[in-house]
Amino acid sequence: MIVRHLLRDDDLTAAEQAEILARAARIKAHPFTDRTLAGPEVVAVLFDKQTLRTQVSFSAAIAHLGGFPMVIDGKLAAIGVRESIADVARVLGREAVAIVWRTHGQDRIEEMAQFAQIPVVNALTDDFHPCQILADLLTIQEHRGPLPGLTLAYVGDGANNMAHSYLLGGALAGLHVRIGTPAAYQPRADILERARHLAAEQGGSITVTDDPVAAVDGADAVATDTWVSMGQEDEVDTRKGEASPFAPYAVTADLMARAKPDAIFLHCLPAYRGYEVAAEVIDGPQSVVWDESENRLHAQKAVLSWLVEQHRDAG
């Protein structure tokens, strides 16, 4: 039996992504009509990294679907240290209907998926953040209409998980994705190539530039992320210091003004005002970050519901 997972954004086809977004919109309008996990079925939710929105939104999503979120402290479990990932996967695969994991290396979640025999969902790795991008796409769709043909500009660290997922997820949605980033912080070459292939199929485009103004000019949505991701704390002086290479990419009111007048601002949070974004932007009228945060709940309900249905149908 082929088990479907969401380990990276392009584990979905364009049609499947659209189906999940449509399901998320229906779920948001009628929150408790989908009871896919009624029983309650158990979903194992593992955290190796710090979390707020991910733990809250997945726990609520599983409960709303009629299930039970079995939250596991990954550091306490010492997954891959005290016990192999493969053995943990085999244990959880017998007791849960799905696994959600927020971890470090992409290789870790890929190994979990290899041995679990149930759907595995990437709740963030160092390389990708697909659930966040689904929430962002849902938010853009709500505020700016149908996704194909819209322009999304992301400025900041082009080599991090958010940039990678914007490239793949945005390309699948038919967006024109622009990444504004310093030359030393380019997206990974294989991900960029894959995104360009997907964009060509869906009528979108991919642009990478070191000019933040060119990236944002005329965009429908502008996004950024912290300059210091989890695991990069030892680089804080370089990334946030006076000579930060990201300083020209901060989303100030002046930079935001280069986007369309009705453009929206996105940030996956946590945000650091005065660094990657000005307070007047994130707290201003164009900011939709609280809608975006809420939409993690609805998008993740749709993902879990869809994956579990796929698994049941395949079995």
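Details of the structure are given in the entry above.
Residues numbered from 1 in each chain as written. Predicted model: local features only at pLDDT ≥ 70, side-chain atom pairs only at ≥ 80, totals over all residues. Heavy atoms only, no water.

K.L.:
It is not clear to me how the sheet that holds strand β7 (residues 205–209) should be interpreted in this structure. Could you clarify?
P.N.:
Strand-to-strand pairing in sheets goes through backbone hydrogen bonds, with the strands running parallel or antiparallel. Spatially, five strands are ordered β7-β6-β5-β8-β9 in an open sheet, and the strand pairing comes out parallel. The open sheet has two edge strands, β7 and β9 (264–267), and neither has a second partner. Here the strands of the sheet are splayed against their neighbours by 20° on average, with no regard to which way each runs. Of the pairings in the sheet, the one linking strand β8 (residues 221–224) to β9 comprises four bridges and is parallel in character. Bridge pairing in β9 links Val222 to Phe265. (Pairing = 2+ DSSP bridges. Helix = DSSP H or I, 4+ residues; strand = E, 2+ residues; numbered from the N terminus. Axes fitted to C-alpha atoms, helices over the stretch in contact; angles between N-to-C directions.)

K.L.:
Sorry, what's going on with the layout of surface pockets here?
P.N.:
In this approach, a probe sized like a water molecule rolls over the atoms, and the result shows the empty space that is left. Here the second largest pocket defines a volume of roughly 150 Å³. Lining the second largest pocket are Ala14, Gln17, Ala18, Leu21, Gln141, Pro146, Leu147, Pro148, Leu172, Ala173, Gly174 and Gln202. Along the lines of polarity and charge, the residues of the lining of the second largest pocket split into eight nonpolar, four polar and no charged. (1 Å grid on protein atoms, 1.4 Å probe; cavity = no way out; pocket = protein on both sides within 12 Å on 5 of 7 lines; lining within 4 Å. Points joined across faces, edges and corners; volume = space filled by probe spheres on them. Nonpolar A, V, L, I, M, F, W, Y, C, P; charged D, E, K, R; others polar.)

K.L.:
Please explain the pairing of strand β2 (residues 68–73) as it appears in this structure.
P.N.:
Taken residue by residue, a regular strand's side chains alternate between the two faces of the sheet. Bridge analysis of strand β1 (residues 42–47) against β2 gives six bridges, and the strand direction is parallel. Across the sheet, the residue bridging to Val43 is Pro69, located in β2. Handedness of the β-α-β unit built from β1, helix α2 (residues 53–64) and β2 comes out right-handed. (Right-handed = clockwise from strand over helix to strand, strands pointing away.)

K.L.:
Can you walk me through the state of the cysteines in this structure?
P.N.:
By definition, a disulfide links two cysteine residues through a covalent bond between their sulfur atoms. Summed over the entire model, instances satisfying the criterion amount to zero disulfides. In this structure Cys268 is not part of a disulfide, and its nearest cysteine sulfur, from Cys131, lies 13 Å away. On the basis of relative accessibility, which here comes to 9%, the residue Cys268 falls in the buried class. (Disulfide = S-S within 2.5 Å. Buried < 20%, exposed > 50% of the residue type's maximum accessible area, 1.4 Å probe, protein only.)

K.L.:
What exactly am I supposed to notice about the pattern of salt bridges here?
P.N.:
A side chain with one charge may pair with a side chain of the opposite charge, provided their charged atoms come close. In this structure the tally under the stated criterion is 16 salt bridges. A salt bridge links Glu142 to Lys28; the shortest N-O distance between them is 2.8 Å. Pair noted here: Glu142 is in helix α6 (residues 130–144) and Lys28 is in helix α1 (residues 14–29), with a separation of 114 residues, a long-range link. For Glu142, a relative accessible area of 38% corresponds to the partly exposed category. (Salt bridge = Lys/Arg side-chain N within 4 Å of Asp/Glu carboxyl O.)

K.L.:
Please explain the side chain of Ser57 as it appears in this structure.
P.N.:
Secondary-structure assignment places Ser57 in helix α2. Engagement of the side chain of Ser57 in a polar contact is seen with the backbone oxygen of Arg53, the distance being 2.6 Å. (Polar contact = N/O pair within 3.5 Å; in protein donor to acceptor, adjacent residues only side chain to side chain.)

K.L.:
Any chance you could explain the packing of α1 against α6 here in plain terms?
P.N.:
In a packed pair of helices, the relevant descriptors are the angle between the two axes and the axis-to-axis distance. Relative to each other, α1 and α6 sit at 70°, their axes nearing to 10 Å. Between α1 and α6, the angle falls in the class roughly perpendicular. Regarding α1 and α6, the two cross each other, and that crossing is right-handed. Contacts between α1 and α6 involve Gln17, Ile20, Leu21, Ala24, Ala25 and Lys28 from the former and Leu134, Leu137, Leu138 and Glu142 from the latter. Tallied by class, the residues present in the contact of α1 with α6 amount to seven nonpolar, one polar and two charged. (Parallel < 35°, antiparallel > 145°, perpendicular 65-115°, else oblique. Left-handed = near helix turned anticlockwise from the far one by under 90°. Contact = heavy atoms within 4.5 Å.)

K.L.:
In this structure, what is going on with the packing of helix α7 (residues 161–172) against helix α8 (residues 189–202)? I would like to understand it.
P.N.:
In contact at an axis separation of 7 Å, α7 and α8 are set at 15° when each is read in the N-to-C sense. In terms of their interaxial angle, α7 and α8 are classed as roughly parallel. Between α7 and α8 lies a crossing whose hand is left-handed. On α8, the residues touching His164, Leu167, Leu168, Ala171 and Leu172 of α7 are Ile191, Leu192, Arg194, Ala195, Leu198, Ala199 and Gln202. Residues of the contact of α7 with α8, tallied by class, amount to nine nonpolar, two polar and one charged.

K.L.:
Before we go on, may I ask you to explain unusual backbone geometry in this structure?
P.N.:
Trans peptide bonds make up the majority, and among non-glycine residues the majority have a negative phi. The omega torsion across Gly39 and Pro40 is 5°, close enough to zero to call that bond cis. Of note, the bond from Leu269 into Pro270 is cis; its omega dihedral lies within 30 degrees of zero at 0°. Counting through the fold element by element, Pro270 comes out in the loop between β9 and α12 (279–282). Positive phi outside glycine occurs at Leu124, with the angle close to 135°. The topology assignment puts Leu124 in the loop between β4 (120–122) and α6.

K.L.:
Please clarify how the environment of His267 should be interpreted in this entry.
P.N.:
Here His267 lies in strand β9. Since its relative accessible area comes to 0%, His267 is described here as buried. In sequence terms His267 and Tyr166 are 101 residues apart; their C-alpha atoms lie 12 Å from each other. Sequence-distant contacts of His267, that is, excluding residues within four places in its chain, are made with Thr224, Asp225, Thr226, Glu276, Val277, Val289 and Glu292. Within the structure, the side chain of His267 is placed 2.9 Å from the backbone nitrogen of Leu269, a separation counted as a polar contact. A polar side-chain atom of His267 sits 2.8 Å from a polar atom in the side chain of Glu276.

Treat this as a map of the structure, not an account of what it does.
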